[in-house]
Amino acid sequence: MKRRPFDIPFNVSFLTGNESWYVADSLASGLLTGDGPFTRRASELLRPLVGGGSCLLTASCTHALEMTALLLNLQPGDEVIMPSLTFVSTANAFVLRGAVPVFVDCRDDTLNIDERLIEEAVTDRTKAIIVVHYGGVACEMDQILDIGARHDIPVIEDNAHGLGGSYQGQRLGSFGVMATQSFHGTKNIQCGEGGALVVNDSRYVERAEIIREKGTNRAKYFRGEVDKYRWVDVGSSYLPSDINAAILTAQLEAFDDIQSRRQRVWKAYDEGVHDWAEKHGLSTSMQVPDREHTAHLFFVLMPSNADQRALLSHLADHGILGTFHYVPLHSSPFGAGAGRPGPSGCATSHSVSERLVRLPLYAGMSERDSARVVEAVCSYVPQS
Ligand SMILES: *Cc1c(COP(=O)(O)O)cnc(C)c1O
């Protein structure tokens, strides 16, 4: 098989130029441990982007999700409703506490959790509903919050794709009792590995600080509220080094620029493939009138698995790396044993994952390159 390098990779981490200065500042200051000056700056920059909740930086979104499981006191046998079409961490964080993920199918348009199938999955053991705003397009939050309220079940947003997005004018990350953010290198705003827990229900704030600091009240001690810090609860070391927060600070300061660059690429795809997709009856990433998306990804849904593979290799022949996305958790080797699908099963998630192709999308992508991707996509003729 001939292999050619990809002229257009799938993702390139975008750097603003200030990251190395801030890292140098951090090293020079000697304040490298967690909760230093850059952690405070990054948290302040993050807060308005998620609608004003308390922001606690973590080493990853995975860690932030683990914190939500501890904060909700999940016990073995408790159930957590979540989409099947998501990253493993959405489930793993709860499985670590012995909880059982109940996987709900996705809608066939936004690919978000299908809100019409959530209520039938509720049992008297359901302790949380986790939503993921796929690609940064908001879930049907009105309906989902209503289900949560009627059954007294907290809603948590895994907002790894949704930083800066909105639903009916309100920022994503501000709807759930808690939300989690990712600053992994593949996300819109990144510091290599990083994340945050956003706490919107103030009842969880104090305990979140404790769990993040190895189960101690060190945060209170640093604020001068107690004379020494002690072991007061369970916990772990969930806070990032201030060096990571230095990189994150530079990224968050450039949030508007990074987002407008991504939106330009997204728009070029949306307009560029429109006629081709329509001609072949294919759906793509979409805009929904009452929500702002984050241009986290752009997908095309092919008619069949054969077409998914054929389009990926067609793109590769043009030097372009496209990719598939999540393998649904309900049918993954571990997820099939650790959790179970809701009453309606997860047929759409399965079908989507076999047919979805994501196009390369990064802030530093040139207009020429996005045009090349459009041209390559539109020269493909679906076989089925
Ligand atoms: C990336 C991602 C995560 C994990 O983020 P990390 O920061 O790598 O732990 C969790 N959930 C979703 C939906 C993601 O896309």
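Look above for the structure.
Fair warning: this is a prediction, and the values are worked out from it, not measured in the lab. (Residues numbered from 1 in each chain as written. Predicted model: local features only at pLDDT ≥ 70, side-chain atom pairs only at ≥ 80, totals over all residues. Heavy atoms only, no water.)

## Observations concerning the site of the ligand
Item 1. The environment of the ligand is made up of 15 residues, and the closest members are Cys61, Thr62, Asp158, Ser182 and Lys187.
Item 2. The side chain of His161 places a nitrogen or oxygen atom 2.9 Å from an oxygen atom of the ligand.
Item 3. Here the ligand loses 94% of its free accessible area of 380 Å² to cover by the protein chains.
Item 4. For the shell around the ligand, the residue count by class is five nonpolar, eight polar and two charged. (Near = heavy atom within 4 Å. Polar contact = N/O pair within 3.5 Å; in protein donor to acceptor, adjacent residues only side chain to side chain. Areas by Shrake-Rupley, 256 points an atom, 1.4 Å probe, with all protein chains shown as cover. Nonpolar A, V, L, I, M, F, W, Y, C, P; charged D, E, K, R; others polar.)

## Thoughts on the packing of aromatic side chains
Given two aromatic rings, their pairing is described by the distance between the two centres and the angle made by the two planes.
Item 1. Scanning all chains against the criterion turns up eight aromatic pairs.
Item 2. Between Trp266 and Phe298, the ring centres sit 5.4 Å apart and the planes meet at 75°, which makes this aromatic pair edge-to-face. Linking Trp266 in helix H9 (residues 255-272) with Phe298 in the loop between strand S11 (291-292) and strand S12 (299-301), this pair joins segments that are 32 residues apart in sequence. For the pair Trp266 and Phe298, one class covers both residues: buried.
Item 3. Feature note: the residues Tyr134, Phe299 and Tyr326 constitute an aromatic cluster, connected by ring pairs. (Phe/Tyr/Trp six-rings, centres within 6.5 Å; stacked < 30°, edge-to-face > 60°. Helix = DSSP H or I, 4+ residues; strand = E, 2+ residues; numbered from the N terminus. Buried < 20%, exposed > 50% of the residue type's maximum accessible area, 1.4 Å probe, protein only.)

## Digging into the sheet that holds strand S1 (residues 54-58)
Item 1. With mixed pairing, eight strands are arranged side by side in an open sheet as S1-S9-S8-S5-S4-S2-S3-S13. Either end of the sheet is taken by a strand with one partner, and the two such strands are S1 and strand S13 (340-341).
Item 2. One ladder, built from five bridges, connects S1 with strand S9 (residues 195-199); its direction is antiparallel. Among the inter-strand pairings, Thr58 is bridged to a residue of S9, identified as Gly195.
Item 3. With respect to the sheet, helix H2 (residues 37-49) is in contact with S1 and S9, its orientation differing from that of S1 by roughly 130°.
Item 4. Packing against the sheet, helix H3 (residues 61-71) makes contact with S1, strand S5 (155-158), strand S8 (178-182) and S9, and its axis sits at approximately 160° to S8. (Pairing = 2+ DSSP bridges. Contact = heavy atoms within 4.5 Å. Axes fitted to C-alpha atoms, helices over the stretch in contact; angles between N-to-C directions.)

## Considering the side chain of Glu79
Item 1. Of note, Glu79 is situated in strand S2 (residues 79-83).
Item 2. Within the local environment of Glu79, its side chain forms a polar contact with the side chain of Thr123, the two groups lying 2.8 Å apart.
Item 3. When neighbours within four sequence positions are excluded, Glu79 is seen to be in contact with Val100, Val102, Thr123, Arg125, Thr126, Lys127, Ala128 and Arg340.

## Concerning unusual backbone geometry
Item 1. If you check the backbone angles, Asp35 has positive phi at about 55° while not being a glycine.
Item 2. Even without glycine at this site, Lys214 takes up a positive phi of about 60°.
Item 3. Within the secondary structure, Lys214 is located in the loop between helix H6 (205-212) and helix H7 (218-222).

## Concerning the pattern of salt bridges
Item 1. Under the criterion given, the structure shown has 24 salt bridges.
Item 2. Among the salt bridges present, the one from Glu271 reaches Lys267, with a minimum N-O distance of 3.6 Å. Of this pair, Glu271 and Lys267 both sit in helix H9, separated by four residues, roughly a single helical turn.
Item 3. Residues participating in the shared-partner salt-bridge network are Arg107, Asp109, Glu115, Glu140, Asp290 and Arg291. (Salt bridge = Lys/Arg side-chain N within 4 Å of Asp/Glu carboxyl O.)

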